[in-house]
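Secondary and tertiary structure notes
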Amino acid sequence: MKIKQKSPFFFAPMRTLVGLLTLCLFISSAHAAITEQNGQNYLLALSDDRGMAYIDSMIFFGESTTTHLKARGVLGGGTATQQVWHDESGTRTLTSKITSELIIYPPTGEHLTVTEACRRERPACLVLSFGLNGILSFAKDPEQYVFCYNKLIDAVQEAAPDTSIILQTVYPVRENNVFKTDAATLNRHIEEINRLLPTICATHENVYIADTASVLRDADGALAAEYATEDGIHLTAAAYQNILYYLRTHAKR
Amino acid sequence: MKKNPRAKSCYNSAWISFLFIFLSLLSGCQKKSYADDRSAHELANMAISDLHTQMLYLEAEPDVLDGYFQMPHFVTDSTVRFSADGNDLDEFGIFHVKDGNPEEMATLLRDYLSSFYETYNANYLPEEIPKLRDAEVRVFGNYVAYAMLAEPYRTQFFQCIDHALQI
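Right, let's walk through the structure included here. (Residues numbered from 1 in each chain as written. Chains lettered and ligands numbered in written order. Predicted model: local features only at pLDDT ≥ 70, side-chain atom pairs only at ≥ 80, totals over all residues. Heavy atoms only, no water.)

Side note on the overall build of chain B
A count of helical and extended segments in chain B gives 5 helices and 5 strands. What you see in chain B, going N to C, is helices and strands ordered as α-α-β-β-β-α-α-β-β-α. Out of the 167 residues belonging to chain B, those deemed buried represent 41%. If you take every contact in chain B between residues at least 6 apart in sequence, the share linking residues at least 24 apart comes to 64%. Put simply, chain B shows about 9700 Å² of open surface, and 56% of that area lies on carbon and sulfur atoms. (Helix = DSSP H or I, 4+ residues; strand = E, 2+ residues; numbered from the N terminus. Buried < 20%, exposed > 50% of the residue type's maximum accessible area, 1.4 Å probe, protein only. Contact = heavy atoms within 4.5 Å. Areas by Shrake-Rupley, 256 points an atom, 1.4 Å probe, with all protein chains shown as cover.)

Details of helix α9 (residues 237-248) of chain A
Along its 12 residues, α9 of chain A runs 16 Å from first to last C-alpha, staying within 8% of the 16 Å computed at 1.5 Å per residue. Buried within α9 of chain A we find Ala239, Tyr240, Ile243, Leu244, Tyr246, Leu247 and Arg248 of chain A. (Expected span 1.5 Å × (residues − 1).)

Things to note about the packing of aromatic side chains
The full count for this structure, using the stated rule, is 15 aromatic pairs over all chains. A centroid spacing of 5.3 Å and a plane angle of 80 degrees characterise the contact between Tyr145 of chain A and Tyr149 of chain A, whose relative ring orientation is edge-to-face. Placement of the pair is Tyr145 of chain A and Tyr149 of chain A together in helix α6 (residues 142-159), with a separation of 4 residues, close to one helical turn. Neither Tyr145 of chain A nor Tyr149 of chain A differs from the other in exposure class; each is buried. Plain terms: the ring middles of Tyr34 of chain B and Phe140 of chain B are 5.8 Å apart, the flat faces sit at 85 degrees to each other, and that makes the pair edge-to-face. On the criterion of sequence distance, the pair formed by Tyr34 of chain B in the loop between α1 (5-29) and α2 (40-51) and Phe140 of chain B in strand β4 (residues 136-140) is long-range, its members being 106 residues apart. Exposure class is identical for Tyr34 of chain B and Phe140 of chain B. Each is buried. Taken together, the ring pairs in this structure connect Tyr34, Tyr57, Phe92, Phe140, Phe157 and Phe158 of chain B into an aromatic cluster. Here the guanidinium or amino end of Arg50 of chain A rests over the ring plane of Tyr54 of chain A, the centre of that ring lying 5.7 Å away. (Phe/Tyr/Trp six-rings, centres within 6.5 Å; stacked < 30°, edge-to-face > 60°. Lys NZ or Arg CZ within 6 Å of the ring centre and 35° of its normal.)

Some words on helix α5 (residues 153-165) of chain B
Residues and elements named next belong to chain B. With 13 residues, α5 extends 18 Å from end C-alpha to end C-alpha; this agrees with the ideal 18 Å at 1.5 Å per step. Taken together, the buried positions of α5 are occupied by Arg154, Phe157, Phe158, Cys160, Ile161, Asp162, Ala164 and Leu165. Residues of α5 that are buried sit in contact with α2, β3 (91-97), β4 and β5 (143-148).

Below, the structure written as structure tokens:
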């Protein structure tokens, strides 16, 4: 009795389809993991372009990659912008000291804590960016990251209850001499940290995630060469323009 | 045989000298006594005044170290001061604890300093790294102080606390 066999050409497309479906499910679940907590999505979705007027309503506070927004002159006021809060060092690490440490409040040049500055400024939107400084420590102790970020947000919200807060995903890196760890490992740790952001959002109102890191990655998940300065960590003006465009087009409703 | 009175006198003098030296050494070996009623805030202000630097020190919020450890119940008073200049990592703290707990507090502070040093990115402010590396914790009775200061300020700081508390 001849056994009818299915053509091998039947199985190949089926396997491909199954593979694609599996991949789609994986990507969507990974994306959900980075943006959702308890089924609630904190990621700022694609919106119409709100333009630079929307950006003008923002204050930026974070690590050196945030301070360089000023150096690259991409915000209103260029290199004299008053939208970036930083101290003399131009950098900041997210620790429990974050609410005690000082920034130079741009309108007056005074040294204030970020809480005091928020109380004065009452910004419409505060864009925070932390996680690269201390990444190796956070990778070992992710609760420390969540704790310190929550501490900062609690303090900001007490000082300026109407201020919306946007947490930027941590930017990727290229091979560099800043960290002793290779870029692939660092970027993996960065993704682990980014997956903590929904946990932080879940304990507050009016706190959102902007996946600005997504516009900086190359196919391997590293910082794209065209966006990196020589040290493999910091960003070019083109990178910041992309980041700001992302913020404009993923506006809070 | 008659005893030599001169020899006896020499013997007595030697014995008295020995006793005098022995007692002096003994007093030097005794543990120092420290006051237990000074405020940490007051001690910190004295130390800042004593350091004679241009540095502006600010008082940190009470929960500044809560990312490193929960303030133990046996701490009755504390202050942490740090440099207002973001390019400077100068920092010190003074903690008053209940009897029997200074060493436990000292351990917490040493762990904090060690953690800070290990996680600090050496590429930022590399000239400040020695302060982190050489940061010290000392116990003065029921007071525990740490200093993340360059020399000679670190030594001066601890000397000031020691003098202020010694009774």
